[in-house]
Amino acid sequence: MTAKPTCTAPDTDVIVVGAGFAGLYLIHRLKAANLSMRVFEAAPDLGGTWYWNRYPGARVDVPSLDYMYSFDPDWRDDWQWSEKYATQPEILRYLNHVADKHDLRRRITFDTRVERAWWDDDESVWHVRTQHDADITARFLVMATGCLSVPKEIDIDGIDTFTGDVFLTSRWPHEPVDFTGKRVAVVGTGSSAVQSIPVIARDAREVVVFQRTPTFSIPAGNGPVPPDKLELLTADEAAYRRAARASQGGVPVERSLTFTASVSDDERTARYEEIWRKGELLETLNVFADLMTNQDANEQFAEFARDKIRATVTDPATADALCPSGFPFGSKRPCLDTDYYATYNLPHVRLVDLRATPLRHVTETGIETSAESFRFDAMVLATGFDAVTGAITAVDVRGRDGLALNEKWADGPATYLGLMTAGFPNLFLITGPGSPSVLSNMVVSIEQHVEWVVDGMTDLGHGGFDVIEPTERAEAGWMRHQADSAAITLFPKGNSWYVGANVPGKPQVFLPYPNGVDFYGAACAEVVERDYLGFALSGRAGSRCNDGVIRELQPDAQMVLDQMAAVNLPPLESMSVEEARAFHALSRAALPPGPEVAAIEDGVLPGAAGDLAYRLYRPDGRGPHPIVVYFHGGGFVIGDATTDGSLCRDLCARNAAIVISVDYRHAPEHRFPAAMDDGLAAVRWIADHAAALGGDPGRLAVCGWSAGATIAAVVCQLVRDLGGPHICGQVLFTPATDWAATFPSHVENAEGYGLTTALVRWFADHYVDPADRDDPRCSPLRADNLAGLPAAVVVTCEFDPVRDEGDSYAEALAAAGVPTRHIRARGHTHSSLTMVDLVVSGAPVRAEVADALRNLLTTQPSAVA
Ligand code: FAD
Ligand code: NAP
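Now for a look at the structure at hand. (Residues numbered from 1 in each chain as written. Chains lettered and ligands numbered in written order. Predicted model: local features only at pLDDT ≥ 70, side-chain atom pairs only at ≥ 80, totals over all residues. Heavy atoms only, no water.)

**Points about the overall build of the chain**
Summing up its helical and strand segments, the chain has 25 helices and 29 strands in all. Here the C-alpha atoms of the chain give a radius of gyration of 31 Å, agreeing with the 29 Å that 2.2 N^0.38 yields for 865 residues. When the backbone C-alpha atoms are referred to their principal axes, the chain occupies close to 90 × 70 × 50 Å. Sequence separation of at least 24 residues holds for 74% of the intrachain contacts in the chain that already meet a minimum separation of 6. Surface exposure of the chain reaches about 32,400 Å², of which carbon and sulfur atoms provide 50%. Charged side chains in the chain number 75 positive and 115 negative. The centres of these two groups are separated by 2 Å. (Helix = DSSP H or I, 4+ residues; strand = E, 2+ residues; numbered from the N terminus. Rg over C-alpha atoms; globule rule 2.2 N^0.38 Å. Contact = heavy atoms within 4.5 Å. Areas by Shrake-Rupley, 256 points an atom, 1.4 Å probe, with all protein chains shown as cover. Lys, Arg positive; Asp, Glu negative; His and termini not counted. Charge placed at Lys NZ, Arg CZ, Asp CG, Glu CD.)

Here you go:
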């Protein structure tokens, strides 16, 4: 059933703008959904990117077998790719072939630019005006206008005065351009330049490349289609394409789970070499799990890439100038090349580093830099695009109440899922800002979007609705998630078109969604499964608004949960204690190790009933250092002095403090109050031996996570009552503070966030008799008096069953006059802050804790003398 209008019938169901990969697939799907359409394309023919970008050397940089439609299952009967990376003419032939095979072409009106579009709220239709002054109405408007289709305005002084030929790579002429015997300038060193320079240099008499920012480029290793890849694809194409959609980048490669620092130097180099030989961009970005999240990991690979440049380019000064620095690998889109660097070894090719000698202006005969005048016959401008938003905002789009999209997006685009934007009903964006788009194999992202959009139109019709629009809340939620997602990666750290930095005056926001096609696709699917969560629908069937936010967890915390769910392990509480301990030890050992510290020393100290193992983390620099006594998490049942190693390293490195992680006796062998007795004994012993350990006895704090935080809190109460030793601060990460009561968070966050309420109960049953649960040594929140305790830093996490216990403790401490810093970690789970370098979004929280702790260790007078 198609969506039927409520009011005046529009001219057509759907208007599509653009006839590239996206527009063509839209036509195919809309036809199948029996929706009528008009398709407008500014160019005289179809193909989009592959129509416009005809510069020498233009080719795809995602393998051809991956960069193709999946909807044409018998494609092998009438098509084959000639190369691993197909050229522009071949891709354009492919698109024409698909259009003819599926009878798509006759739906398109060419040479017709859409200039204006406005929403008519009374009629619930879009009015669209083209350059030919035609007005057409449609229920839905779909912008398939491309992420890289509007060339950046030429911002080079004097370009109009040049009397030779000027070519823009993105608007290359159709007739052949012959550079034989010519002196050619190339401005730019992005992908278009990197592809065209070696080809131009084959014919030209002289090539001078004007480089502002050097790029990272990887050798493509182009050649015939790799037979093994073709075989893998043909063995089960459906599975291959499914794997592509379930992958990070849209090519079927599993996400790397290996961290750079977790392998030896030799293994790391071998892996780098292997990926370099492979010549695949998206796989390169996956070389280690932390390439795009960890600055050190990124820098190691960047240096490997620079070594490759130095090894190829014979002139050391040119090599140096070609080596990118000052931004992480991948934060400006890396290139894939054939002979790019080697081209600079040719005697007639020269690089001019514009950072050293800036381009002053173009003259009638050439280019003047601050150092030199150059004469040229032709200039090639490979200066890029007004990316992602440029083609959308080039159209004067007005939504409800005449709101201009340009105005709404004045400070940067706001969308829900990169698909729609609030205030603009029935307007869909294909690969819009806030979706993976340019960070992925775009054909995969285009197909996923087109299917979501057309299925959505169909669902709407079936439900008796005509109008769909995201809510402000859903959009704000997605934008917050988008910002959180960008913040945990290094992607936004380059002056790249990813952030709009290449276009003067463009608001700088990270435009694509960086968490991957897999993670993104799951969110889109979940929105539909949850009855179009975050959308308001209206029409014949009335109105319905299913308001809500699709992603509230920090993205990396969510990913960890998703990965755990995918493994489908039995819940910890269904295991025996031994199994649970073994599993816990194994999973904690698999975490990234955390930052380097100067030394790690193991020892034993006397506990309340026998020796306790400890692990000491020593910071750089000369002591005496402050000491943090740390108690591990694990519900009093599991874990030991070594299991929270990465958090301890992090505490040590951030605070320049000795961190001593002390074990304690566990339940069910040793039930309450054994752990508390051991905690107290350990703190006393460490205070007595602080100097011998290299620490400062006057600057001792306690810290713990989860059950360990309970111990830390209780120890503070005990030493207050016993008159010592001196503790200057307590840091409690997600403490359990009341084992006797039920809090709303026990119910709200009972399941789905790692620690479950059922597991908390399992721990409680092993640890403490119900009759003892209101003892303040078990439930510190139940203490009669909290006054006079050491200053506290209490960290609680939004999606934690014990969140409210921690919140209550922080509030009670503050109410009792204890200096308390309460840090509420938005979007975090009970465990996520402890997953150093895996859940990168925890770093700012731990930095805040460190800041507070440093303050306590330096300025807080002890509450206990
Ligand atoms: P486009 O192909 O850009 O098509 C959009 C169409 O909309 C254009 O034809 C344009 O004329 C038309 N249009 C825009 N505004 C209007 C308007 N107002 N009215 C009428 N028509 C309008 N991606 C990859 O994943 N892998 C690659 O290897 C890769 N290589 C690339 C190489 C180059 C040189 C460039 C520039 C981009 C490359 N991309 C690559 C990105 C590429 O843009 C996408 O892969 C894909 O082709 C985009 O398809 P599309 O249909 O969304 O947009
Ligand atoms: P780009 O990556 O934005 O590169 C533009 C280049 O021009 C940059 O080096 C830029 O320097 C330089 N530049 C811009 N204005 C300048 C000025 N006024 N003076 C001097 N230098 C100037 O553009 P692109 O190469 O066209 O590529 C855009 C994107 O399209 C790619 O990142 C990729 O996604 C896609 N693409 C893919 C392929 C492929 O291999 N399949 C090929 C081409 C394009 P700064 O960096 O200093 O701004």
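**A few points about helix H4 (residues 191-203)**
Each α-helix turn comprises 3.6 residues. Residues three or four places apart therefore point the same way. The sharpest bend along H4 measures roughly 30° and falls at isoleucine 197, with the proline proline 198 sitting one to four residues further on. Listed in full, the buried residues belonging to H4 are Ser192, Ala193, Val194, Gln195, Ser196, Ile197, Pro198, Ile200 and Ala201. (Bend = angle between axes of the 7 residues up to and from the residue. Buried < 20%, exposed > 50% of the residue type's maximum accessible area, 1.4 Å probe, protein only.)

**With respect to unusual backbone geometry**
Glycine aside, the phi torsion of most residues is negative, and most peptide linkages are trans. Along the chain, alanine 667 connects to proline 668 via a cis peptide bond; the corresponding omega equals 5°. Summarising the element assignment, proline 668 is placed in the loop between strand S25 (658-662) and helix H20 (674-688). Residue proline 725 follows glycine 724 across a cis peptide bond; omega there is 0°. Summarising the element assignment, proline 725 is placed in the loop between helix H21 (707-722) and strand S27 (729-733). Even without being glycine, aspartate 339 reaches a positive phi, approximately 65°. Looking at the secondary structure, you find aspartate 339 in the loop between strand S11 (335-337) and helix H11 (340-343). Even without being glycine, valine 388 reaches a positive phi, approximately 70°.

**Here's the deal with the nonpolar core**
Counting 112 residues, the largest nonpolar core has Phe21, Tyr69, Trp81, Leu417 and Trp452 as the members making the most contacts within it. No other element matches helix H14 (residues 442-463), which puts nine residues into this core. For tryptophan 81, the contacting residues outside a window of four places in its chain are Ser64, Leu65, Tyr67, Met68, Trp75, Ala86, Glu90, Ile91, Tyr94 and Val225. Core analysis: the second largest hydrophobic core is formed by 67 residues, Ile686, Val715, Ile727 and Leu781 among them. (Core = buried A, V, L, I, M, F, W, Y, C linked by side-chain atoms within 4.5 Å.)

**Details of the pattern of salt bridges**
Under the defined criterion, the tally for this structure stands at 58 salt bridges. Put simply, arginine 333 and aspartate 61 hold a salt bridge, and the shortest N to O gap is 2.8 Å. On the criterion of sequence distance, the pair formed by arginine 333 in the loop between helix H10 (316-322) and S11 and aspartate 61 in the loop between helix H2 (49-52) and helix H3 (88-101) is long-range, its members being 272 residues apart. For aspartate 61, a relative accessible area of 14% puts it in the buried group. Glutamate 601 is the salt-bridge partner of arginine 618, the closest N and O atoms lying 2.8 Å from each other. (Salt bridge = Lys/Arg side-chain N within 4 Å of Asp/Glu carboxyl O.)

**A short note on the site of ligand 2**
Taken together, 25 residues surround ligand 2, and among them Lys152, Asp155, Ser192, Thr213 and Lys332 come closest. Within the side chain of lysine 332, an N or O atom sits 2.7 Å from an oxygen atom of ligand 2. A distance of 3.1 Å is found between an oxygen atom of ligand 2 and a side-chain nitrogen or oxygen belonging to tryptophan 497. Relative to its unbound accessible area of 900 Å², ligand 2 is 90% covered by the protein chains. By residue class, the composition of the shell around ligand 2 is nine nonpolar, nine polar and seven charged. (Near = heavy atom within 4 Å. Polar contact = N/O pair within 3.5 Å; in protein donor to acceptor, adjacent residues only side chain to side chain. Nonpolar A, V, L, I, M, F, W, Y, C, P; charged D, E, K, R; others polar.)

**Structural notes on helix H24 (residues 803-815)**
For H24, which comprises 13 residues, the first-to-last C-alpha distance of 18 Å matches the rise-based estimate of 18 Å (1.5 Å per residue) to within 8%. Where H24 is concerned, the buried positions are Arg803, Asp804, Glu805, Gly806, Asp807, Tyr809, Ala810 and Leu813. Turning to H24, the residues buried within the fold contact H21, S27, helix H22 (744-748), strand S28 (792-799) and strand S29 (820-829). (Expected span 1.5 Å × (residues − 1).)

**What about the layout of surface pockets?**
The space that makes up the second largest pocket amounts to roughly 710 Å³. Lining the second largest pocket are 29 residues, and of these Asn294, Gln295, Asp296, Ala297 and Asp837 lie nearest its centre. At the level of elements, helix H9 (295-312), helix H19 (645-655) and helix H25 (843-859) are the ones that each hand at least two residues to the lining of the second largest pocket. Looking at the lining of the second largest pocket element by element, the count peaks at four residues for H9. Here the residues of the lining of the second largest pocket are counted per class, giving 13 nonpolar, seven polar and nine charged. (1 Å grid on protein atoms, 1.4 Å probe; cavity = no way out; pocket = protein on both sides within 12 Å on 5 of 7 lines; lining within 4 Å. Points joined across faces, edges and corners; volume = space filled by probe spheres on them.)

**Observations concerning the site of ligand 1**
Close to ligand 1 lie 33 residues; Glu41, Thr49, Asp61, Tyr67 and Met442 are nearest. Contact between ligand 1 and tryptophan 50: an oxygen atom at 3.4 Å from a side-chain N or O atom of the residue. Protein chains shield 95% of the accessible area of ligand 1, which is 970 Å² for the free molecule. Contributing elements (two or more residues each) for the shell around ligand 1: helix H1 (21-32), H2 and H14. Per element, the largest residue contribution to the shell around ligand 1 is three residues, and it comes from H2. Looking at the shell around ligand 1 residue by residue, the classes come out as 19 nonpolar, eleven polar and three charged.

**Let's talk about the sheet that holds strand S13 (residues 359-362)**
Ordered by their spatial adjacency, three strands build an open sheet running S13-S14-S15, and the pairing between neighbours is antiparallel. Each end of this open sheet is capped by a strand with a single partner; those strands are S13 and strand S15 (373-375). Each adjacent strand pair in this sheet contributes to an overall mean axis angle of 20°, direction not counted. Direction of pairing for S13 relative to strand S14 (residues 366-369): antiparallel, over a ladder of three bridges. Residue pairing across strands places histidine 361 opposite glutamate 368, the latter belonging to S14. (Pairing = 2+ DSSP bridges. Axes fitted to C-alpha atoms, helices over the stretch in contact; angles between N-to-C directions.)

**Some remarks on the environment of glycine 434**
With respect to the helices and strands, the residue glycine 434 is situated in the loop between strand S18 (427-429) and H14. Residues glycine 434 and valine 388 lie 46 residues apart in sequence; the distance between their C-alpha atoms is 9.7 Å. Excluding residues within four positions of it along the chain, glycine 434 makes contact with Thr415, Leu417, Gly418, Trp478, Gln482, Leu511, Pro512, Tyr513 and Tyr520.

**Some points on empty space enclosed by the protein**
Scanning all chains against the criterion turns up two cavities of 30 Å³ or more. If you add up the space inside the largest cavity, you get close to 70 Å³. If you go around the largest cavity, the residues you meet are Gly635, Ser706, Ala707, Ala736, Trp739, Leu755, Val760, Phe763, Val802 and His830. Space inside the second largest cavity adds up to approximately 30 Å³. If you tally residues by element for the lining of the second largest cavity, the top one is helix H15 (residues 472-487), at four residues. Considered class by class, the residues forming the lining of the second largest cavity number one nonpolar, two polar and five charged.

**Things to note about the packing of aromatic side chains**
For the structure shown, the criterion picks out 49 aromatic pairs. Residues tyrosine 340 and tyrosine 344 carry aromatic rings whose centres are separated by 5.3 Å and whose planes lie at 85° to one another, so their mutual orientation is edge-to-face. By the burial criterion, tyrosine 340 is buried, and tyrosine 344 matches it. Ring geometry for tryptophan 452 and phenylalanine 535: centres 5.8 Å apart, planes at 40°, overall tilted. In this pair, tryptophan 452 sits in helix H14 while phenylalanine 535 sits in strand S20 (residues 535-539), placing the two residues 83 residues apart along the sequence. In terms of burial, tryptophan 452 and phenylalanine 535 fall into one category: buried. Clustering of aromatic rings is evident, with ring pairs tying together Phe21, Tyr25, Trp50, Tyr67, Tyr69, Phe71, Trp79, Trp81 and Tyr94. One cation-aromatic arrangement involves arginine 171 over tryptophan 52; the distance from NZ or CZ to the ring centre is 3.9 Å. Directly above the aromatic system of phenylalanine 519 lies the positively charged group of arginine 551, at a separation of 5.7 Å from the ring centroid. (Phe/Tyr/Trp six-rings, centres within 6.5 Å; stacked < 30°, edge-to-face > 60°. Lys NZ or Arg CZ within 6 Å of the ring centre and 35° of its normal.)

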